[in-house]
Amino acid sequence: MLKQRIITALVLAPLMLCATFLLPVFEFKLFTAAIVTLAAWEWANLSGYQESSQRVGYAVAVLGLVVLIKYLEFPALPILLVAFAFWGLALFWVCAYPKSLSQWQSCRARGVMGLFVLIPAWSGLVELKGLPEGNLWLLLLMLLVWGADIGAYFSGKTWGNKKLAVEVSPGKTWAGFYGGVATSLLMALLFGLFCSFTAVQLVSLLLLSLGTALVSVLGDLLESMVKRHRGIKDSSQLLPGHGGVMDRIDSLTAAAPIFALGLIMTELARITVV
């Protein structure tokens, strides 16, 4: 399984990096919209909609909302603020599970939940791409998410014994949590030093990166919670060794809007990072 994960990661990581640095803004919007649409097809199954027509219909509806947002040129800030509030609610759901089941267990509720997971994720990625140094901010976002995932995997395997959220995801440990967050902060520190940030800018970056790393863990846990309720291990089998698209971007769906919102609300988005 580890070999499959590594091979798939060696394919996916360059693909994301190429899309980030080589695609113009409009093409990047299309690329990320395609990913979100695939994830929506999987989320329909997580919601309990198992018929092919239902899953395709849900995916088309999500894509339609993305196109509508783009066509209307709807500002990103309100969407990102809604995402901030949603992930606060998601934290309560995860911490209170299984007592929180009554609030989100219906197919319709989980379907709506998917909209708040996927639409702001697309909006956050597109907003980052449009910033003056958008490619580098997207790179940092990916480093933060990948760092949290890789750090958690290896520190959890090495030192993990105390469970993080046994009811939601029995495999996750506190050692993995701390290792993942520490790895993300190291990525942010190296990024800031490489870009010659001032002390104030570096502190702001580390605080934003800490929040991004923490919410990325929450994105993973939220999907794990929904999968546990649904009784499935993976969102699909599209990616060998990795499950589905949603299994690979669950952390990113939470991290992208929060990271983008943090950049917008601070001076970081207006500085030259190279």
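The text that follows walks through the structure, step by step, so that each part is easy to find. For clarity, every value in this text was computed on a predicted model and none was experimentally measured.

Reading the values: the criteria
Residues numbered from 1 in each chain as written. Predicted model: local features only at pLDDT ≥ 70, side-chain atom pairs only at ≥ 80, totals over all residues. Heavy atoms only, no water. Phe/Tyr/Trp six-rings, centres within 6.5 Å; stacked < 30°, edge-to-face > 60°. Buried < 20%, exposed > 50% of the residue type's maximum accessible area, 1.4 Å probe, protein only. Lys NZ or Arg CZ within 6 Å of the ring centre and 35° of its normal. Axes fitted to C-alpha atoms, helices over the stretch in contact; angles between N-to-C directions. Helix = DSSP H or I, 4+ residues; strand = E, 2+ residues; numbered from the N terminus. Parallel < 35°, antiparallel > 145°, perpendicular 65-115°, else oblique. Left-handed = near helix turned anticlockwise from the far one by under 90°. Contact = heavy atoms within 4.5 Å.

Focus on the packing of aromatic side chains
Line of reasoning, step 1. Per the counting criterion, the structure on display carries 12 aromatic pairs.
Line of reasoning, step 2. Arranged with centres 6.1 Å apart and planes meeting at 75 degrees, the rings of phenylalanine 86 and tryptophan 93 form a pair that is edge-to-face.
Line of reasoning, step 3. A relative accessible area of 7% means that phenylalanine 86 is categorised as buried.
Line of reasoning, step 4. One aromatic cluster is present, built from ring pairs that chain together Phe86, Trp87, Trp93 and Phe116.
Line of reasoning, step 5. Taking NZ or CZ as reference, arginine 55 lies 3.8 Å from the ring centre of tryptophan 41, over its face.
Line of reasoning, step 6. Just above the ring of phenylalanine 28 sits the side chain of lysine 129; from NZ or CZ to the centre is 5.3 Å.

Describing the packing of helix 4 (residues 76-96) against helix 6 (residues 107-129)
Line of reasoning, step 1. Where helix 4 contacts helix 6, the two axes come as close as 9 Å, and the packing angle between them is 135 degrees. As summarised for this structure, helix 4 and helix 6 are arranged oblique, according to the angle between their axes. For the element pair helix 4 and helix 6, the recorded crossing hand is left-handed. Mapping the contact onto sequence places Ala76, Ile79, Leu80, Val82, Ala83, Phe86, Trp87 and Trp93 in helix 4 and Met113, Phe116, Val117, Pro120, Ser123, Gly124 and Glu127 in helix 6.

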